[in-house]
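Given next are the chains, with one letter for each unit.
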Amino acid sequence: MEQKLLLSSQLSVHNTLCEVTLNSAALSWRPRGDNTHKRAAGRRYGPLNAAGSQYVPVCEIISVQETEEDCASTGVGKWQKVPQTPVESNQHAFTVSYVERTQKHRWRCGEVTLHCTDRTLCLQWVQAIREQLSLLTIRPKRLLVYINPYGGKHHGKRIYEQKVAPIFSRASISTDVIVTEWANHARDHLKTEAELKKYDGVVCVGGDGMFSEIIHGLISRTQSDSGVDQNLSDETLIPCSLRIGIIPAGSTDCICYATVGSNDPVTSALHIVVGDSQPMDVCSIHHNNTFLRYSVSLLGYGFYGDVLTDSERKRWMGPARYDISGVKTFMSHRYYEGTITFLPADENVGTPRDKLPCRTGCNICSLPSADKQGSRDEESVSDTDRKGVWQVIRGKFLAINAACMSCACPRSPKGLSPSAHLADGTVDLILVRRCSRFDFLRHLLRHTNKDDQFDYPFVEVYRVRQFHFTPRYEETNSELDLREADGSGRKRFFSRICREHPACNCSLVHSSWNCDGEILPHAAIQVRVHCQLIKLFARGIEEHSVFEEPYPLSAI
Ligand SMILES: CCCCCCCCCCCCC/C=C/[C@@H](O)[C@H](CO)NC(=O)CCCCCCCCCCCCCCC
Ligand SMILES: Nc1ncnc2c1ncn2[C@@H]1O[C@H](COP(=O)(O)OP(=O)(O)OP(=O)(O)O)[C@@H](O)[C@H]1O
Ligand SMILES: [Ca+2]
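Residues numbered from 1 in each chain as written. Chains lettered and ligands numbered in written order. Predicted model: local features only at pLDDT ≥ 70, side-chain atom pairs only at ≥ 80, totals over all residues. Heavy atoms only, no water.

A. Representation of the site of ligand 1 in the model. In the region of ligand 1, 21 residues are neighbours, and Asp-208, Thr-252, Ser-297, Asn-514 and Asp-516 sit closest. The separation between an oxygen atom of ligand 1 and a polar side-chain atom of Asp-208 is 2.8 Å. Between Ser-297 and ligand 1, the recorded distance is 3.0 Å, taken from a side-chain N or O atom to an oxygen atom. Across the complex, the protein chains shield 86% of the 860 Å² of accessible surface that ligand 1 would expose by itself. Grouping the amino acids of the shell around ligand 1 by side-chain chemistry returns eleven nonpolar, seven polar and three charged. (Near = heavy atom within 4 Å. Polar contact = N/O pair within 3.5 Å; in protein donor to acceptor, adjacent residues only side chain to side chain. Areas by Shrake-Rupley, 256 points an atom, 1.4 Å probe, with all protein chains shown as cover. Nonpolar A, V, L, I, M, F, W, Y, C, P; charged D, E, K, R; others polar.)

Shown next as structure tokens:
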């Protein structure tokens, strides 16, 4: 669709006189008299549009400022301030900062300076661009920022001050900053004290653990403000209205990596500035009728639970603690026995092995929620049909993992479940049955390359909406009797003895759940996915590579 022209002038860019135009979609410029549509002024600032002009989409402009002119462009060489006289040509300029894409989904702040013959024209341009920016009402103006000074390598405060605050201030975003003083400071502040009405979003500077604090605070606050009891496992939770931004400064940063495509603070800051919005699923975890925690990334029993338990004692090592504990846990090769019951998701949300990863504008996450939940005409189907059929799996497992999103991170760039979706209302349940150390190593190694980590007979993966887990040592007598009814009397006898004598180590060793980097206090849990309960300042991982056009050219 043709866009309405708002302003057009001859301005110079990088010492080349250009036709510069502004419409509601983009700012573009092309050297005057250049009909080849090939050459553009100075260095390439961005892609070329259909007319051969360089352009910056308005929605990717960060700010525009009148530039204090120097003599560089007049060929004097050294940078000197020139007194502002309206007569000399090209001594008035404005600089547009915009989003520039670089490698590996990283964004940078690019700049282009446009020189004008007089100040009135310069101010007219600045005002016209600012007017267009003011129409972008999805952009946040006021943010509440929490910084964990002890996350990752303890660089959170420095990262925020040096890399993020200058970008927010350039984009005229005002902030209230709280540097946390104790664990759960941010969670409790959000839950009870924060004046949320004042803000357009919350920013978390830290790792996955810090993000977890933020969502616990926000979700609990939203429920209590609406009179919803999160202890009831079948309550429908109220979605949070404030968006959350993550400035990565942790050890794993998987939530940032899986929603943006990199763990780079500047990139995350720019996604906040442009006002991106990415809905995200959240799992609630209950033990009987007591709420335990929420999870958005990995819920892992066995291997990842044991890695976390061991690594907590090594916090002083920083991010390396996970690798040391990973090797130790791998060597111990413990397996755990238990029962998983789950409610499979409908086929229209795909499968964990369909190789259809979640990307910006994902079709599966955009399905209307009725389609995602497979709810059919209420009167024509029985209750069991409508809710689906629960399945039961028992066994001995090295790992039971539930990934609500891909869990991509620098250690595993495609993640624990590469095709898991951010906002489809499901979780991928990965069961790694007891196998040899060598086989488990092969499975782990595939998390670091392109091969399919699920393509082993000892690995099963299901896309589910809810699941329950009961470790064998907590199963009731009647459950065990039922399950062993077809076994020999001898086996039944031994299983009873072992439950009463944990020291004998007969499949009765305990593990814990790693819930987004926190240990859960119970092993028997009930998990349910809440579709799109929260929103991030992100847009999912962009499909196109750096030099492809990010927008349909017809729109520019
Ligand atoms: C041979 C190399 C295999 C490498 C396999 C790497 C798979 C890594 C998958 C990582 C998935 C992370 C999911 C995110 C979880 C976060 O909510 C949570 C909080 O930040 N992080 C962790 O629990 C932190 C979890 C960190 C787990 C690290 C596990 C490292 C395993 C190393 C095994 C080495 C065996 C070597 C034998 C000689
Ligand atoms: N001021 C503080 N003092 C001590 N602990 C804090 C403070 N602020 C936050 N925390 C806690 O620190 C824990 C770890 O923080 P964070 O997630 O930022 O880093 P990480 O554990 O190194 O990274 P990751 O979670 O990505 O592995 C969180 O569980 C959080 O509750
Ligand atoms: Ca999901």
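B. Quick look at the coordination of the calcium ion (ligand 3). Surrounding the calcium ion (ligand 3) are the protein donor atoms Asp-281 (OD), Cys-404 (O), His-421 (O), Asp-424 (OD) and Thr-426 (O), which sit 2.3 to 2.6 Å from the metal. Going along the chain, you hit the donors of the calcium ion (ligand 3) in the pattern D-x122-C-x16-H-x2-D-x1-T. Looking at His-421, the relative accessible area reads 1%, which means it is buried. (Donors = N, O, S within 2.8 Å, 3.2 Å for Na, K, Ca; no water. Buried < 20%, exposed > 50% of the residue type's maximum accessible area, 1.4 Å probe, protein only.)

C. Structural context of the UniProt feature "domain: DAGKc" (unreviewed entry) in the protein. Per the UniProt entry, the sites bearing "domain: DAGKc" (unreviewed entry) are residues 138–289 in this numbering. The span residues 138–289 shows a helical share of 39% and a strand share of 22%, and its end C-alpha atoms are spaced 39 Å apart. (UniProt positions renumbered as here; feature names shortened; annotations may be inferred. Helix = DSSP H or I, 4+ residues; strand = E, 2+ residues; numbered from the N terminus.)

D. Looking closely at the packing of aromatic side chains. Scanning all chains against the criterion turns up 13 aromatic pairs. On the basis of an interplanar angle of 50 degrees and a centroid distance of 4.5 Å, the ring pair of Phe-291 and Tyr-294 is categorised as tilted. Residue Tyr-294 is classed as buried on the basis of its relative accessible area of 1%. Taken together, the aromatic side chains of Tyr-301, Tyr-336, Phe-467, Phe-469 and Trp-513 make up a single cluster linked through ring pairs. (Phe/Tyr/Trp six-rings, centres within 6.5 Å; stacked < 30°, edge-to-face > 60°.)

E. Geometry of the site of ligand 2. Taken together, the neighbourhood of ligand 2 is formed by 23 residues, with Thr-180, Gly-207, Gly-209, Glu-213 and Ser-251 sitting nearest. In the environment of ligand 2, an oxygen atom lies 2.3 Å from a nitrogen or oxygen atom belonging to the side chain of Glu-213. In the model, an oxygen atom of ligand 2 is placed 2.5 Å from a nitrogen or oxygen of the Ser-251 side chain. Relative to its unbound accessible surface of 630 Å², ligand 2 loses 88% to contact with the protein. For the shell around ligand 2, the secondary-structure elements that each account for two or more residues are α4 (208–226) and α8 (321–332). For the shell around ligand 2, the element with the highest residue contribution is α4, accounting for four residues. Residue composition of the shell around ligand 2, by class: six nonpolar, ten polar and seven charged.

F. Seen up close, the sheet that holds strand β4 (residues 54–57). Strand order in the open sheet formed by seven strands is β4-β3-β2-β1-β7-β6-β5, and the pairing between neighbours is antiparallel. One side of each edge strand has no neighbouring strand; the edge strands of this open sheet are β4 and β5 (61–67). This sheet shows a mean twist of 30 degrees between the axes of neighbouring strands, independent of strand direction. Pairing of strand β1 (residues 5–13) with strand β7 (residues 107–116) involves two bridges; the strand directions are antiparallel. Across the sheet, residue Ser-12 finds its bridge partner in β7, namely His-115. The strands that helix α1 (residues 119–134) touches are β1, β2 (16–23), β3 (26–31), β5, β6 (92–101) and β7; relative to β5, the one it contacts most, it runs at about 160 degrees. (Pairing = 2+ DSSP bridges. Axes fitted to C-alpha atoms, helices over the stretch in contact; angles between N-to-C directions. Contact = heavy atoms within 4.5 Å.)

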